[in-house]
Amino acid sequence: MSNKLKDLSNRLKVKIKLAQVKAARALAETIPEVIRIRTQQEGDGVNGQLKALESSTKKYRKRYKANLSSDTDPDRSNLTATGQLLNSIKGKNIGSKVVIEPGKSKRKGELSGGKSRLTNKEVNKYVDENGREFLRLNKQETEEATNLAKDIIAEELRSVIK
Amino acid sequence: MAKLSIKIPFSQPIKPKERAKIADALLTHIVGRTMAGLDRDNNKFAKYTKEYAKEKGVGTGDVDLLLSGEMLSELKVLSTSPKSIEIGYSGSKALIGKVEGNILGTYGQPEPIPGKARDFLGILPDDVQVIIDSYLQEDVADLTADEIDQLARDAAREILGDINFDTEIDSEQ
């Protein structure tokens, strides 16, 4: 990095921070959708194809086919039984930090954790620990998100550095 | 249209060519000082409550008025004249209400909560003078397109490296 960049004034640091906040806000909106589409439509987790469903799970889903989301079928592993987990994922920014989290509310209906009435956050932890990690960005998504953030920040900086 | 603003007087008339840049420098100073946790008089902001700090994931003393970021990013230079600039907010009533809540310490209550006012909208006259003096002497290097790109990429990587994919179960659940 050149001396010129090392000697950046506080003024520029503030501009960068504000631009980062703007980018973080955009990422908080975009990332949940990226994860939802990849998981539901492609059936991919963070590390490629999601683990196939156990035959007992398939049987169970066939029995309750009428309660299954229209975005899946009994044999399909895409973390969608009711669609509540993926639809609950929310993003928010805390300053320039992005937080992506599954919903904390209790799930509803059949195929939603039975009588225990689990929260989506608890279901996420379960699937994560059982080899179906999806709530992260993969390498390509990280690159795309970086580019999106970079473009937003560069545009902001260009508009304020005169 | 709702408006909330302050006028910052200059001790000397500023030429039009320099005015916009000085206005921006003053605005940026206020935002930067706020993010550093200091109010208009350069005093530390009142601490966050334990509950709010926990929700935000910071210490109670790490007050930067930066949650959604809207309050600081929407602070604008509204007008300039040879002897003063006007900065503040124009437009969203909700945002202005939020700003007023912070300045007065009301936070949605009819009366201010004692000791909770966080007035960031202003600057000490001495600080104005220091900024004007230093700005008029400063040779601000123009950054090239490549340098802006590099800065933006570094800043973007910083965000991506710090994303919190919140998969932990909260203890109170």
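Caption draft 1: Looking closely at the interface of chain A and chain B. Between chain A and chain B, the residue contacts involve 44 residues of the former and 35 residues of the latter. Secondary structure elements with two or more residues in the side of chain A that touches chain B: α1 (3-6), α2 (10-42), β3 (90-94), β4 (97-101), α5 (120-129) and α6 (139-160) of chain A. In terms of residue count, α2(A) provides more of the side of chain A that touches chain B than any other element does, 15 residues in total. The residue makeup of the side of chain A that touches chain B, split by class, is 20 nonpolar, nine polar and 15 charged. Inspection of the sheet shows β4(A) paired to strand β4 (residues 164-165) of chain B by two bridges, in the parallel sense. Paired with I100(A) across the two strands is F165(B), which belongs to β4(B).

Caption draft 2: Examining the confidence of the model for chain A more closely. Averaged over all residues, the pLDDT of chain A is 86; the fraction at 70 or higher stands at 88%. This stretch, residues 1-8 of chain A, has a pLDDT under 50; its non-local contacts, to residues over four places away or in other chains, come to five contacts.

Caption draft 3: Seen up close, the sheet that holds strand β2 (residues 76-81) of chain B. Residues and elements named next belong to chain B. What the three strands build is an open sheet, ordered β1-β3-β2; its pairing is antiparallel. Each edge of the sheet is formed by a strand with only one pairing partner; in this case those strands are β1 (2-9) and β2. Taking the axes of each pair of neighbouring strands and ignoring which way they run, one obtains an average angle of 25° across the sheet. Seen against the sheet, helix α1 (residues 16-35) touches β1, β2 and β3 (84-91) and runs at an angle of roughly 140° to β2. Across the face of the sheet, helix α4 (residues 93-104) comes into contact with β1 and β3 while running at roughly 50° to β1.

Caption draft 4: Up close: the pairing of β2(B). Residues and elements named next belong to chain B. Two strands pair when backbone bridges link them, and β2 and β3 are joined in this way by five bridges, in the antiparallel orientation. Of the residues in β3, the one forming a bridge with S79 is E86. Where β2 folds back onto β3 in an antiparallel hairpin, the turn is made up of two residues.

Caption draft 5: Quick peek at α1(B). Residue and element names in this part refer to chain B. If you check α1, its first and last C-alpha atoms are 29 Å apart, about what 20 residues at 1.5 Å a residue would give, namely 28 Å. Those residues of α1 lying buried are I22, A23, D24, A25, L26, T28, I30, V31, T34 and M35. One or two positions beyond α1, positive phi appears at G37, with a value near 90°.

Caption draft 6: Geometry of the environment of R36(A). Residue and element names in this part refer to chain A. Within the fold, R36 resides in helix α2. Distance from R36 to A24, taken between C-alpha atoms, is 19 Å for residues 12 residues apart in sequence. Excluding residues that lie within four positions of it along the chain, R36 makes contacts with L86 and I89.

Parameters and conventions
- Residues numbered from 1 in each chain as written.
- Chains lettered and ligands numbered in written order.
- Predicted model: local features only at pLDDT ≥ 70, side-chain atom pairs only at ≥ 80, totals over all residues.
- Contact = placed C-beta atoms within 7 Å.
- Helix = DSSP H or I, 4+ residues; strand = E, 2+ residues; numbered from the N terminus.
- Nonpolar A, V, L, I, M, F, W, Y, C, P; charged D, E, K, R; others polar.
- Pairing = 2+ DSSP bridges.
- pLDDT = per-residue confidence, 0-100.
- Axes fitted to C-alpha atoms, helices over the stretch in contact; angles between N-to-C directions.
- Expected span 1.5 Å × (residues − 1).
- Buried ≥ 20, exposed ≤ 12 C-beta atoms within 10 Å, placed from the backbone.

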